[in-house]
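Below are the chains, spelled out letter by letter.
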Amino acid sequence: MLLSFTGVACCSVDNHWKEQRRFILRTLRNFGMGKCQGMLKDAITSEAKCVVEALAEVKGPVDPDEILSKAVCNIISQFVFGRRFEYENEKFKQFIADL
């Protein structure tokens, strides 16, 4: 057989796959996907403002990976922990360094 793998395009559509898909879509909808005013959109918008502020404070060359990593971690932490961290928080910096 020339193709011996199954991927997204080649997978069979069974009940298990349908249940997983339904669960993922329901969970994403609960977090605001597909809605005009959702928690996910609000979290991303507020964090984008923080990123712009952080970039405005930097003098000279900047590594965007560091700031964007902190932004993504903050969006996730808003859902997991219910709060965001300041970019200069030492524990937050250590957490990101450990990733």
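Details of the structure are given in the entry above.
In this text, all values refer to a predicted model and were calculated from it rather than measured experimentally.

K.L.:
Run through the pattern of salt bridges, naming residues and quoting values.
P.N.:
On inspection of all chains with the given rule, the structure shows five salt bridges. Across the salt bridge formed by Glu86 and Arg84, the nearest N and O atoms sit 3.4 Å from each other.

K.L.:
Please set out a nonpolar patch on the surface residue by residue, giving values where relevant.
P.N.:
Taken together, the side chains of Val72, Ile76, Val80 and Phe81 present a nonpolar region at the surface, about 410 Å² in accessible area. Position of Ile76 among the secondary structure elements: in helix α3 (residues 64-80).

K.L.:
Quick one: what's the story with the layout of surface pockets, residue by residue and with numbers?
P.N.:
Volume-wise, the largest pocket comes out at about 340 Å³. Surrounding the largest pocket, 15 residues form its lining, Ala54, Glu57, Ile67, Tyr87 and Glu88 being those nearest its centre. Counting residues per element, the lining of the largest pocket draws most heavily on helix α2 (residues 39-57), which supplies four residues. Here the lining of the largest pocket is composed, by residue class, of six nonpolar, no polar and nine charged.

Reading guide: rules and limits
- Residues numbered from 1 in each chain as written.
- Predicted model: local features only at pLDDT ≥ 70, side-chain atom pairs only at ≥ 80, totals over all residues.
- Heavy atoms only, no water.
- Salt bridge = Lys/Arg side-chain N within 4 Å of Asp/Glu carboxyl O.
- Patch = residues over 30% accessible without salt bridge, like charges linked within 9 Å, V, L, I, M, F, W, Y side chains within 5 Å.
- Areas by Shrake-Rupley, 256 points an atom, 1.4 Å probe, with all protein chains shown as cover.
- Helix = DSSP H or I, 4+ residues; strand = E, 2+ residues; numbered from the N terminus.
- 1 Å grid on protein atoms, 1.4 Å probe; cavity = no way out; pocket = protein on both sides within 12 Å on 5 of 7 lines; lining within 4 Å.
- Points joined across faces, edges and corners; volume = space filled by probe spheres on them.
- Nonpolar A, V, L, I, M, F, W, Y, C, P; charged D, E, K, R; others polar.

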